[in-house]
Amino acid sequence: MTIQWNEMIVPDACALRASEIRDLLKVAERPEITSFAGGVPDPDLFPLSDFHDMFDGLTRDETAGRRSLQYSISEGLPGLRQWIADDLAKSGATRDIDNILITCGAQQALDMIARLLLEPGREIVLEKPSYLGAMQAFSMRRPSYVGINMDEDGPIIAELDAAFANGARIAYLAPDFQNPTGRSYSLDRRMAVLETARKYGAVIIEDAAYCKLSYEGETLPSLLALDEAGSNPDAGCVIQLGTFSKTLAPALRIGWVTAPRPVIRQLVLMKQAGDLHVSTINQEIALRAARKLFPAHIETLRDAYRAKRDAMLGAMDEFMPDDVSYSRPRGGMFVWLTLPDNIDARALLVEAMEVARVAFVPGQAFFCDQSGRNTARFSFATEKPERIRAGIERLADLIRRKDNQ
């Protein structure tokens, strides 16, 4: 008898949908395309020679080398967790290593948090728009999404309050240089978010993937740092996700969760039931790299990405039609465009790749309610400033012609 696989696969798995971004990257990698699509670091900025020396040094040290090739504890290397705890303390978030779990990138952290907190029908609050990868991780648990709008200071507090008042108790938020909009919360809005969460006993999942990529202005404290109850290792309402993917190298797959100890203890059990632990050798290299390269390498990244951001915003200021608006991020990797109402970003992308030789990500994929058809995400991270300028000029010309049709 032939197996009917569609009947065998459980509903949770069937809830998954292909990533519009991952599919786009396959086409956008063509050399003739100026790609503003992938939200990935510039490979030219990877500290390759330093990694060569660190891998070589680790494997030549017999004791450390053999240890790095062995199984390790599920929580993650104590030295790496201590480095993360010390780094968090510099920004005002005092946590112990028992509040930290190392994960296979922040994406695994999202998946584990989803399996820990979500179930079919349980409500989770998302920004509109929000990170597509988070929605993919959450969707496998088949929750009910509650989208809230944002302004330039962060989420609209009245909408967050209403969502919690109606029963939601979990919110996924990105206060610093959000993917996809590049927006950041003001200090007052951060405080208001926490006050609202405490009012209802709600959990905040804080995505801090881009927090170190700040290019101007004051560095504001994270929600984790502002959560006063978090000084108690067993308390607090914030679960923060961090990663080295944007600052060292994505292929290391080193992320982490910082959370109250009851949460970490449960996640450790899930880790043991899943992949046991993150690659030991990659954790060893990440620790050596962080100790050796930070903070100088962070400054190198900031200088390079600041120049790329300025090139993109300068080109948009010069070439984009007046009825196109866009964010002006103070950090991160993204600029968010809002096109005229008569332009569908998905349809524009087809012409943009064929005519203007430019790729971007249509914004509708980032909305839990599938709105935002006239929006788009642009990443400035991987292209050179001169290619950014030329690509934006070609795309602006196409938009102007379509706008006049």
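Please refer to the structure placed before this passage.
Below you will find a few notes about this structure. (Residues numbered from 1 in each chain as written. Predicted model: local features only at pLDDT ≥ 70, side-chain atom pairs only at ≥ 80, totals over all residues. Heavy atoms only, no water.)

1. Observations regarding the sheet that holds strand S14 (residues 375-379)
- One open sheet accounts for four strands, arranged S10-S11-S14-S13; its pairing is antiparallel. The open sheet terminates on both sides in strands that have one partner only, identified here as strand S10 (325-326) and strand S13 (361-362).
- As defined by bridge partners, strand S11 (residues 334-338) adjoins S14 across five bridges and the pair is classed as antiparallel. Bridging across to S14, Val335 finds its partner in Phe378.
- Across the sheet, helix H14 (residues 296-319) lies against S10, S11 and S14, angled at about 20° from S11, the strand it touches most. (Pairing = 2+ DSSP bridges. Helix = DSSP H or I, 4+ residues; strand = E, 2+ residues; numbered from the N terminus. Contact = heavy atoms within 4.5 Å. Axes fitted to C-alpha atoms, helices over the stretch in contact; angles between N-to-C directions.)

2. Details of unusual backbone geometry
- Cis peptide bonds are those with omega within 30 degrees of zero, and the linkage from Lys128 to Pro129 qualifies with 0°.
- The linkage connecting Phe294 with the following residue, Pro295, adopts the cis geometry, with an omega of 5°.
- Among the structural elements, Pro295 can be located in the loop between helix H13 (280-293) and H14.
- We note that Phe177 has phi near 55°; this positive angle belongs to a residue other than glycine.
- On the secondary structure map, Phe177 appears in the loop between strand S6 (170-173) and helix H10 (187-200).
- In this model, Arg357 sits at a positive phi of 55°, which is unusual for a non-glycine residue.

3. Quick notes on the sheet that holds strand S5 (residues 154-155)
- Taking strand neighbours across the sheet as the criterion, the eight strands line up as S2-S9-S8-S7-S6-S3-S4-S5 in an open arrangement whose pairing is mixed. Every other strand in the sheet has two partners, leaving strand S2 (100-104) and S5 as the edge strands with one partner each.
- The sheet contact formed by strand S8 (residues 238-243) and strand S9 (residues 254-258) spans four bridges and is antiparallel. Across the sheet, residue Gly242 finds its bridge partner in S9, namely Trp256.

4. With respect to the pattern of salt bridges
- The full count for this structure, using the stated rule, is 26 salt bridges.
- Lys128 is the partner of Asp369 in a salt bridge, and the nearest nitrogen-oxygen pair spans 2.9 Å. Of the two residues, Asp369 is situated in the loop between S13 and S14 and Lys128 in strand S3 (residues 123-128); the sequence distance between them amounts to 241 residues.
- We note a salt bridge from Asp310 to Arg309, for which the minimum N-O separation is 2.8 Å.
- A residue is classified by how much of its surface remains accessible, and Asp310, at 40% relative accessible area, is partly exposed.
- Each of Asp151, Asp153 and Arg189 takes part in one network of salt bridges that share partners. (Salt bridge = Lys/Arg side-chain N within 4 Å of Asp/Glu carboxyl O. Buried < 20%, exposed > 50% of the residue type's maximum accessible area, 1.4 Å probe, protein only.)

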